[in-house]
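Fold and geometry: a report
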Amino acid sequence: MSKSHYEPYFLNLKNLFCDTIHHCSYIKQYSYNETLYHQGDAPRNLYILLSGRLEVFKETTQIMDCIAGECIGAQANFANICYPETVKFFSPGEALVIRFDLFKEKIIQYPTLLKEIIESLTQKQKIVTNALDKKILSYLEKSA
């Protein structure tokens, strides 16, 4: 796979990283209802959504609001915990699949990448917190 295929997802990285990431990654095509990962599985890969829509199965089922280029399940990788939910494709799609153990070795060499990942995960956490706050507020308003 050529370096140019990765560029939209790793725009701010040095060429060396882009030149070497293909050794630990591949693009996988997914069909409707195909599982990306299962709840309770140990995270071995980092997934970057390239196309398609995802659905999350936990206590309830809901469509994930994510865009192409977004890391999926990264929190479990970086926190070294099992996936807290099952994620399936709600439509045909594809993902960049990166072996996390090799990726982790690379991010140590590239502090800029680590900083961007931390910022991305923090932003995602803020979005989740805001959504939960709105749901709780709506629930409290309805019960009052």
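Residues numbered from 1 in each chain as written. Predicted model: local features only at pLDDT ≥ 70, side-chain atom pairs only at ≥ 80, totals over all residues. Heavy atoms only, no water.

Reading across the sheet, the 4 strands line up as 1-8-3-6 and stay open at both edges, with antiparallel pairing between neighbours. Single-partner strands in this sheet number two, and they are strand 1 (25-30) and strand 6 (71-72). Here strand 3 (residues 45-51) pairs with strand 8 (residues 93-99) via 6 bridges, running antiparallel. Each residue of the ladder has a partner; that of Tyr-47, found in strand 8, is Val-97. Against the sheet, helix 4 (residues 100-109) engages strand 3 and strand 8, with an angle of about 65° to strand 8. (Pairing = 2+ DSSP bridges. Helix = DSSP H or I, 4+ residues; strand = E, 2+ residues; numbered from the N terminus. Contact = heavy atoms within 4.5 Å. Axes fitted to C-alpha atoms, helices over the stretch in contact; angles between N-to-C directions.)

Turning our attention to the nonpolar core. Within the largest apolar cluster, 16 residues are counted, with the highest numbers of intra-cluster contacts made by Leu-36, Tyr-47, Leu-54 and Ile-72. Broken down by secondary-structure element, the contributors of at least two residues to this core are strand 2 (35-37), strand 3, strand 4 (54-57), strand 7 (86-89) and strand 8. Those residues in contact with Tyr-47 that sit more than four places away from it in its chain are Tyr-30, Leu-36, Tyr-37, Glu-70, Cys-71, Ile-72, Tyr-83, Leu-96 and Val-97. Judged by nonpolar contacts, the second largest core, of 10 residues, contains Ile-98, Phe-100, Phe-103 and Ile-107. (Core = buried A, V, L, I, M, F, W, Y, C linked by side-chain atoms within 4.5 Å. Buried < 20%, exposed > 50% of the residue type's maximum accessible area, 1.4 Å probe, protein only.)

Attention now goes to the pattern of salt bridges. Counting across every chain of the model gives 2 salt bridges. Salt-bridge contacts for Arg-99 lead to Asp-101; the nearest nitrogen and oxygen are separated by 2.8 Å. Among the residues examined, Arg-99 registers a relative accessible area of 40% and is labelled partly exposed. (Salt bridge = Lys/Arg side-chain N within 4 Å of Asp/Glu carboxyl O.)

Another point: the environment of Glu-94. One can find Glu-94 in strand 8. Residues Glu-94 and Arg-53 lie 41 residues apart in sequence; the distance between their C-alpha atoms is 9.5 Å. Apart from residues no more than four positions distant in its own chain, Glu-94 is found in contact with Ile-27, Lys-28, Gln-29, Tyr-30, Ile-48, Leu-49, Leu-50, Ser-51 and Phe-89.

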